[in-house]
Amino acid sequence: MAAFSAESLSLCAFAPAVLEQPMYYLSPGQASVVETSEILKEAVEAAGGLQDRADGKLGCYVPHRKVAAALGLSSSGIDTAEVAFGAYLWCTEFENVHSTWVFEEPGLDFNGLRFKGPEQLFQLHKFGDRNSEAFKDKAPAFAEATPEQAFRMGRGATLPPDWESMKESVMRDVLRAKFEHDGLRQLLKSTHPHPLVSVKSDAYWGAGFDGKGRNRLGALLQELRDELLH
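This one's a predicted model, so the numbers in the text were calculated from it and none came from an experiment. (Residues numbered from 1 in each chain as written. Predicted model: local features only at pLDDT ≥ 70, side-chain atom pairs only at ≥ 80, totals over all residues. Heavy atoms only, no water.)

### Comments concerning the overall build of the protein chain
Logical step 1: On a plain count of helices and strands, the protein chain comes out with eleven helices and five strands.
Logical step 2: Scaling as 2.2 N^0.38, a compact globule of 230 residues should have a C-alpha radius of gyration of about 17 Å, and the protein chain matches this with 18 Å.
Logical step 3: With the C-alpha coordinates of the protein chain rotated into their principal frame, the extents come out at 55 × 35 × 35 Å.
Logical step 4: Counting every position in the protein chain, which comprises 230 residues, the buried fraction comes to 47%.
Logical step 5: Split by element, the accessible area of the protein chain, about 11000 Å² in all, is 50% carbon and sulfur. (Helix = DSSP H or I, 4+ residues; strand = E, 2+ residues; numbered from the N terminus. Rg over C-alpha atoms; globule rule 2.2 N^0.38 Å. Buried < 20%, exposed > 50% of the residue type's maximum accessible area, 1.4 Å probe, protein only. Areas by Shrake-Rupley, 256 points an atom, 1.4 Å probe, with all protein chains shown as cover.)

Below, the structure is given as structure tokens:
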């Protein structure tokens, strides 16, 4: 996987001024995925992401339903999310784990350690807050773990009794650390003022496939975006 580049995100970090439907951002890193799908290639070309760029690179928004069709997925989750939240924007860079799309987290600094990604830091907090001995003891292992390893490690934790009330505060800290990166911060700010919605089965952090999820990841990103813009 190619090393993360801030420049690759800034090539076309401008959201449509008016949203007529949910849109998904495809960074230059997604070229290998796009080339495997005629649906995506046509959508990208229509958006000027391939033909109209002097460098020939991606960096554009395409209809989210086109993305779903290209992946062989139903658009029903997109439909219900649009009803619940309105036309929205999203991209893989805003998730903490990436399976379908090509994206290598640039890493983040927290409590004197360099973590490979945000999922590792979030899962670590299931063992205690940053001042706890358990946090400090396990931090080096989580810092070097893959997102999948961190998730498995986190499942073995005895959750703090106040985890449900503290997990959003934890996620705020994680996102602030992640979006210290110039390219990611620019991309997030460029989505203003549109809703950010993660359409996935998770009914807490995402919108769920029925549109009844809380979409708290999207909401916290909008909150952070407002902080960065003011």
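### Some remarks on the domain arrangement of the protein chain
Many structure descriptions define interface size as the accessible area lost when the parts assemble.
Logical step 1: With domains assigned, the protein chain is organised as domain 1 (21-102 + 190-227) and domain 2 (106-175).
Logical step 2: Relative placement of domain 1 and domain 2: their C-alpha centres are 26 Å apart.
Logical step 3: Opposite the eleven residues of domain 1 that make contact, domain 2 presents ten residues.
Logical step 4: Summed over both sides, the interface of domain 1 with domain 2 buries roughly 1000 Å², with 62% coming from carbon and sulfur.
Logical step 5: By the criterion of area lost to domain 2, the three top residues of domain 1 are Asn96, Trp205 and Leu220, representing 51% of everything that side buries.
Logical step 6: Run the count over domain 1 and domain 2 and you get two salt bridges.
Logical step 7: Across the pair glutamate 223 and arginine 172 runs a salt bridge whose closest N-O atoms are separated by 2.6 Å.
Logical step 8: Between domain 1 and domain 2 we count three residue pairs in polar contact (both at pLDDT 80 or more) in total.
Logical step 9: Grouping the amino acids of the side of domain 1 that touches domain 2 by side-chain chemistry returns seven nonpolar, one polar and three charged. (Domains from an automatic or database assignment. Contact = heavy atoms within 4.5 Å. Buried area = accessible area lost by both parts, 1.4 Å probe. Salt bridge = Lys/Arg side-chain N within 4 Å of Asp/Glu carboxyl O. Polar contact = N/O pair within 3.5 Å; in protein donor to acceptor, adjacent residues only side chain to side chain. Nonpolar A, V, L, I, M, F, W, Y, C, P; charged D, E, K, R; others polar.)

### Remarks on the UniProt feature "domain: NADAR" (unreviewed entry) in the protein chain
Logical step 1: The residues that UniProt annotates with the feature "domain: NADAR" (unreviewed entry) are residues 104-228.
Logical step 2: Secondary structure within residues 104-228 divides into 53% helix and 5% strand; the distance between the first and last C-alpha atoms comes to 23 Å. (UniProt positions renumbered as here; feature names shortened; annotations may be inferred.)

### Description of the sheet that holds strand E2 (residues 60-63)
Hydrogen bonds between backbone groups are what pair the strands of a sheet, and the pairing can be parallel or antiparallel.
Logical step 1: If you trace the three strands from one edge of the open sheet to the other, you get E2-E1-E3, paired in mixed fashion. Two strands lie at the open edges of the sheet, namely E2 and strand E3 (89-90), each paired on one side alone.
Logical step 2: Where strand E1 (residues 23-26) lies against E2, four bridges are found, and the strand directions are antiparallel. Within E2, the position partnered with tyrosine 24 by the bridge is valine 62. (Pairing = 2+ DSSP bridges.)

### Observations concerning the nonpolar core
Logical step 1: Leu26, Phe94, Phe115, Leu175, Phe179 and Leu221 are the most contacted members of the largest nonpolar core, which totals 54 residues.
Logical step 2: Top element by residues in this core is helix H9 (residues 163-178). It accounts for seven residues.
Logical step 3: Counting residues in each nonpolar core, the second largest holds six residues, with Ile78, Ala81, Tyr88 and Val197 among its members. (Core = buried A, V, L, I, M, F, W, Y, C linked by side-chain atoms within 4.5 Å.)

### Description of the packing of H9 against helix H11 (residues 216-229)
Logical step 1: Between H9 and H11, whose axes approach to 10 Å, the crossing angle comes to 55°. Judged by the angle between their axes, H9 and H11 are oblique. Of the two elements, H9 crosses H11, and the hand of that crossing is right-handed. Side by side, H9 and H11 meet where Glu168, Met171, Arg172, Leu175 and Arg176 of the first sit next to Arg216, Leu217, Leu220, Leu221, Glu223, Leu224 and Glu227 of the second. (Axes fitted to C-alpha atoms, helices over the stretch in contact; angles between N-to-C directions. Parallel < 35°, antiparallel > 145°, perpendicular 65-115°, else oblique. Left-handed = near helix turned anticlockwise from the far one by under 90°.)

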